[in-house]
Structure formats: structure tokens, C-alpha cells
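Survey of secondary and tertiary structure
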Amino acid sequence: MALVRPHLVNERLGVYFELRYGTAQFPSFFQWLHLREGACAVGFEPSTHHVQGETAAREDGSMTFPASGEERTYTTVFRVGHLD
């Protein structure tokens, strides 16, 4: 399984955030920004389907549906730390 490790570094504050996940579990990834004066938010979102949304994923067959009683395990690691 290939691992993806998107990360965000804030050198001014001396901190970082890292997300680690497998592409077999989450083949798509979205990043969004919300920037306003005095506020900033960043979203990192691994996903089971592409950015075109649920309707497009249903239409092209990429939407995943667990069978009745099926269990799935997804592993995602979040790391937050100080820069050295």
C-alpha cells in the first residue's frame, strides 16, 4: 500500500501538522483553505471518491458501498509537533 504524507508547516509558530494515510483506502485527497482577516483554516481530507462529489462517483462507479454486515478498517495518522 502506498502511503501519502501531506503536511503543513508554520515556521513563524515553529509547529507542523502531518497526515498519513494509504491510497488503497483513500484514493482521493482534498485540500481547502478558508482565509479571512484574523482567521485562517486549512482542511486536509482523504476521501474514497474524487472531488466531483457523490453524484459523479455514483455515476462513474467509483463510489464504495460496504455490503450488509461488512466491516472495514481505515487507518489515518495525525501528527502535530514542534520544529527542531
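Structure: above.
Residues numbered from 1 in each chain as written. Predicted model: local features only at pLDDT ≥ 70, side-chain atom pairs only at ≥ 80, totals over all residues. Heavy atoms only, no water.

1. Points about a nonpolar patch on the surface
Where nonpolar side chains cluster on the molecular surface, the patch consists of Leu8, Leu33, Leu35 and Val42 and spans about 360 Å² of accessible area. Checked against the element boundaries, Val42 lands in strand E5 (residues 39-47). Owing to a relative accessible area of 33%, Val42 belongs among the partly exposed residues under this scheme. (Patch = residues over 30% accessible without salt bridge, like charges linked within 9 Å, V, L, I, M, F, W, Y side chains within 5 Å. Areas by Shrake-Rupley, 256 points an atom, 1.4 Å probe, with all protein chains shown as cover. Salt bridge = Lys/Arg side-chain N within 4 Å of Asp/Glu carboxyl O. Helix = DSSP H or I, 4+ residues; strand = E, 2+ residues; numbered from the N terminus. Buried < 20%, exposed > 50% of the residue type's maximum accessible area, 1.4 Å probe, protein only.)

2. Let's talk about the environment of Arg58
On the secondary structure map, Arg58 appears in helix H1 (residues 54-60). Residues in contact with Arg58, not counting those within four places in the same chain, are Met63 and Phe65. At 2.7 Å, the side chain of Arg58 forms a polar contact with the side chain of Glu54. (Contact = heavy atoms within 4.5 Å. Polar contact = N/O pair within 3.5 Å; in protein donor to acceptor, adjacent residues only side chain to side chain.)

3. With respect to the side chain of Gln25
Relative to the assigned elements, Gln25 resides in the loop between strand E3 (15-22) and strand E4 (28-36). There is a polar contact of 3.2 Å between the side chain of Gln25 and the backbone nitrogen of Thr75.

4. Considerations on the pairing of strand E2 (residues 7-10)
Of the strand pairs in this sheet, E2 and E3 are connected by four bridges, and their pairing is antiparallel. Residue Val9 lies in a different strand from E3, and its bridge partner there is Tyr16. Hairpin geometry of E2 and E3 is characterised by an intervening segment of four residues between the two adjacent antiparallel strands and by a positive phi of about 75° at Gly14. (Pairing = 2+ DSSP bridges.)

5. So, the pairing of E5
Where E4 and E5 come together, nine bridges link them in antiparallel fashion. If you follow Leu35 over to E5, its bridge partner there is Cys40. Between E4 and the antiparallel strand that follows it, E5, lie two residues; Gly38 among them carries a positive phi value of about 85°.

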